[in-house]
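Observations on chain architecture
Spelled out, the chains give:
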Amino acid sequence: DTAVSQTPKYLVTQMGNDKSIKCEQNLGHDTMYWYKQDSKKFLKIMFSYNNKELIINETVPNRFSPKSPDKAHLNLHINSLELGDSAVYFCASSPDFGYQYFGPGTRLTVT
Amino acid sequence: EDQVTQSPEALRLQEGESSSLNCSYTVSGLRGLFWYRQDPGKGPEFLFTLYSAGEEKEKERLKATLTKKESFLHITAPKPEDSATYLCAVQATVAFGNEKLTFGTGTRLTIIP
């Protein structure tokens, strides 16, 4: 059973388009996260949700909007995609605190 | 602001050649220090959590240690399957629900058969 899953695995799109990435966890955790990993492999927090409530928003452009329909799902919608948005996006989840389980990642390429 | 610095950036070892990876950190109050392994094209995989200076954790050929300023990941007699990028991250003692991890840039370890 996959603990944290993401779809799609790969996403190739053109500048200006709008796209979404979906994440689901079956671990029963209350907190979920979105991280961005750039071309130099640096992993940086973008958002976190605790039980559907936004907790962390790390100065991410307004074009990025997370949505949590329930505590098992956290989706990421990106408007007006730019070249600089190309990266690997990871979803993660955790219990109250402690280590985080990461999903397999979504490689976004903007052309 | 929390900061994590890992060294070296890359390390090539012969199979069986032991070594250590370094993670230096500054954090307002340390709740936990985490080591992850990341294989190409995959998400980070949890290895260890360390909570206080002097603590040590072991798993197979890996041992993680913690001081007040840095952590070491010691790898003993490594095998080619230990090749991966090893990431260090810190979690500060902040309000519940704000448990972000601050990552270093990782050490890319290559074990040559």
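Data block above holds the structure.
Just so you know, these numbers come straight off a predicted model, no measurement behind them. (Residues numbered from 1 in each chain as written. Chains lettered and ligands numbered in written order. Predicted model: local features only at pLDDT ≥ 70, side-chain atom pairs only at ≥ 80, totals over all residues. Heavy atoms only, no water.)

**Section: the overall build of chain B**
For chain B, the helix and strand inventory stands at 0 helices and 11 strands. Reading the helices (α) and strands (β) of chain B from amino to carboxyl end gives β-β-β-β-β-β-β-β-β-β-β. What you see for chain B is a C-alpha radius of gyration of 14 Å, in line with the 13 Å of a compact globule of 113 residues. With respect to the principal axes defined by its C-alpha atoms, chain B has extents near 45 × 30 × 20 Å. (Helix = DSSP H or I, 4+ residues; strand = E, 2+ residues; numbered from the N terminus. Rg over C-alpha atoms; globule rule 2.2 N^0.38 Å.)

**Concerning the interface of chain A and chain B**
Across the boundary between the two partners, chain A contributes 23 residues, which contact 22 residues of chain B. Interface area, chain A with chain B, both sides summed: about 1800 Å², of which 60% is carbon and sulfur. Across the contact surface, chain A and chain B share 1 salt bridge. Among the salt bridges present, the one from K100 of chain B reaches E58 of chain A, with a minimum N-O distance of 3.3 Å. Summed over the shared surface of chain A and chain B, the number is 5 residue pairs in polar contact (both at pLDDT 80 or more). Contributions of two or more residues to the side of chain A that touches chain B are made by β4 (31-37), β5 (43-50) and β6 (53-57) of chain A. Taken together, the residues of the side of chain A that touches chain B break down into 12 nonpolar, 7 polar and 4 charged. (Contact = heavy atoms within 4.5 Å. Buried area = accessible area lost by both parts, 1.4 Å probe. Salt bridge = Lys/Arg side-chain N within 4 Å of Asp/Glu carboxyl O. Polar contact = N/O pair within 3.5 Å; in protein donor to acceptor, adjacent residues only side chain to side chain. Nonpolar A, V, L, I, M, F, W, Y, C, P; charged D, E, K, R; others polar.)

**Some points on the packing of aromatic side chains**
By the definition in use, this model includes 11 aromatic pairs over all chains. Plain terms: the ring middles of F102 of chain A and F103 of chain B are 6.0 Å apart, the flat faces sit at 75 degrees to each other, and that makes the pair edge-to-face. Here the residue F102 of chain A occupies a position in strand β10 (residues 101-102), and F103 of chain B occupies one in strand β10 (residues 102-103), the pair thus bridging two chains. A residue is classified by how much of its surface remains accessible, and F102 of chain A, at 10% relative accessible area, is buried. When its relative accessible area of 2% is taken as the criterion, F103 of chain B is described as buried. Through pairs of rings, three or more aromatic residues link up here, namely Y33, Y35, F90, Y99, Y101 and F102 of chain A together with Y36, F46 and F103 of chain B. (Phe/Tyr/Trp six-rings, centres within 6.5 Å; stacked < 30°, edge-to-face > 60°. Buried < 20%, exposed > 50% of the residue type's maximum accessible area, 1.4 Å probe, protein only.)

**Side note on the environment of I45 of chain A**
Within the secondary structure layout, I45 of chain A lies in strand β5. Expressed as a C-alpha distance, the spacing of I45 of chain A and M15 of chain A, which sit 30 residues apart in the sequence, is 23 Å. Leaving out residues up to four positions away in the same chain, I45 of chain A has contacts with Y33, W34, Y35, I56 and E58 of chain A together with K100 of chain B.

**Points about the pattern of salt bridges**
Opposite charge on two side chains makes pairing possible when the charged atoms of those side chains draw close. Evaluated as defined, the whole model comprises 8 salt bridges over all chains. In this structure, the salt-bridge partner of E56 of chain B is K63 of chain B, at a minimum N-O distance of 3.8 Å. The class of E56 of chain B is partly exposed, set by a relative accessible area of 48%. Taken together, the salt bridges that share partners define one network made up of R63, E82 and D85 of chain A.

**Some thoughts on the nonpolar core**
Counting 24 residues, the largest nonpolar core has L33, W35, L73 and Y86 of chain B as its most contacted members. The leading source of residues in this core is strand β9 (residues 84-92) of chain B, at 5 residues. Discounting residues that sit within four places of it in the chain, L33 of chain B has contacts with C23, Y25, F48, T49, L50, L66, S71, C88, A89 and V90 of chain B. Within the second largest apolar cluster, 20 residues are counted, among which are L11, L76, Y89 and C91 of chain A. (Core = buried A, V, L, I, M, F, W, Y, C linked by side-chain atoms within 4.5 Å.)

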